[in-house]
Amino acid sequence: MGKDFYAGIFVLAIGIFAIYMFFHATRERFFNDKTYDSVRHTTPLPVSFNFWFIKILFLVGGILCIAAGIWGISIPFF
């Protein structure tokens, strides 16, 4: 197995974690929890916009990482 296989496993794990964070970041946690204090005011727009912005980033980033991870894992087999 080459470097691409192990990097693919790492990227796949990050993608799975990002999808988990998509479901973990509920509206109640985002508005009231100290975990999201640093990202709550990411842009000068309202906090509800930042909530959806972060959710979209988690989803898109997770999907891209999962696709790249599967691609990296499959390289040694072809």
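A quick note: this is a predicted structure, and the numbers were derived from the prediction, not measured.

(A) The arrangement of a nonpolar patch on the surface in detail. Among the surface-exposed residues, Met1, Tyr6, Ile9, Phe77 and Phe78 lie close enough to one another that they form a single nonpolar patch of about 680 Å² accessible area. Residue placement: Met1 occurs in the segment before helix H1 (3-24). Note on Met1: relative accessible area 60%, which makes it exposed.

(B) Structural view of helix H4 (residues 47-74). Counted at 1.5 Å a residue, the expected span for H4 with its 28 residues is 40 Å, and the 40 Å between its end C-alpha atoms agrees. Buried within H4 are the following residues: Asn50, Phe51, Ile54, Lys55, Gly62, Gly69, Gly72 and Ile73. Tucked into the core, H4 has its buried residues touching H1, helix H2 (27-32) and helix H3 (37-40).

(C) Molecular detail of H1. Here H1 spans 31 Å end to end across 22 residues, near enough to the 32 Å set by a 1.5 Å rise per residue. Taken residue by residue, H1 has Phe5, Gly8, Gly15, Ala18, Met21, Phe22 and His24 as its buried positions. Next to the buried residues of H1 lie H2 and H4.

(D) Structural view of the packing of H1 against H4. Relative to each other, H1 and H4 sit at 155 degrees, their axes nearing to 7 Å. By the angle between their directions, the pair H1 and H4 is classed as roughly antiparallel. Viewed along their axes, H1 and H4 form a crossing whose handedness is left-handed. Residue composition of the contact of H1 with H4, by class: 18 nonpolar, five polar and two charged.

(E) How the structure looks around the pattern of salt bridges. Throughout the structure, instances matching the rule amount to one salt bridge. Linking Arg40 and Asp37 is a salt bridge whose minimum nitrogen-to-oxygen distance equals 2.7 Å. With Arg40 and Asp37 both in helix H3 and three residues apart, this pair spans about one turn of that helix.

(F) Expanded view of the side chain of Arg40. Its relative accessible area of 12% is what places Arg40 among the buried residues. A distance of 2.6 Å separates the side chain of Arg40 from the backbone oxygen of Asp33, its partner in a polar contact. Once you skip the residues sitting within four places of it in the chain, Arg40 turns out to touch Phe30, Phe31, Asn32, Asp33, Val47 and Asn50.

Definitions and limits used
- Residues numbered from 1 in each chain as written.
- Predicted model: local features only at pLDDT ≥ 70, side-chain atom pairs only at ≥ 80, totals over all residues.
- Heavy atoms only, no water.
- Patch = residues over 30% accessible without salt bridge, like charges linked within 9 Å, V, L, I, M, F, W, Y side chains within 5 Å.
- Areas by Shrake-Rupley, 256 points an atom, 1.4 Å probe, with all protein chains shown as cover.
- Salt bridge = Lys/Arg side-chain N within 4 Å of Asp/Glu carboxyl O.
- Helix = DSSP H or I, 4+ residues; strand = E, 2+ residues; numbered from the N terminus.
- Buried < 20%, exposed > 50% of the residue type's maximum accessible area, 1.4 Å probe, protein only.
- Expected span 1.5 Å × (residues − 1).
- Contact = heavy atoms within 4.5 Å.
- Axes fitted to C-alpha atoms, helices over the stretch in contact; angles between N-to-C directions.
- Parallel < 35°, antiparallel > 145°, perpendicular 65-115°, else oblique.
- Left-handed = near helix turned anticlockwise from the far one by under 90°.
- Nonpolar A, V, L, I, M, F, W, Y, C, P; charged D, E, K, R; others polar.
- Polar contact = N/O pair within 3.5 Å; in protein donor to acceptor, adjacent residues only side chain to side chain.

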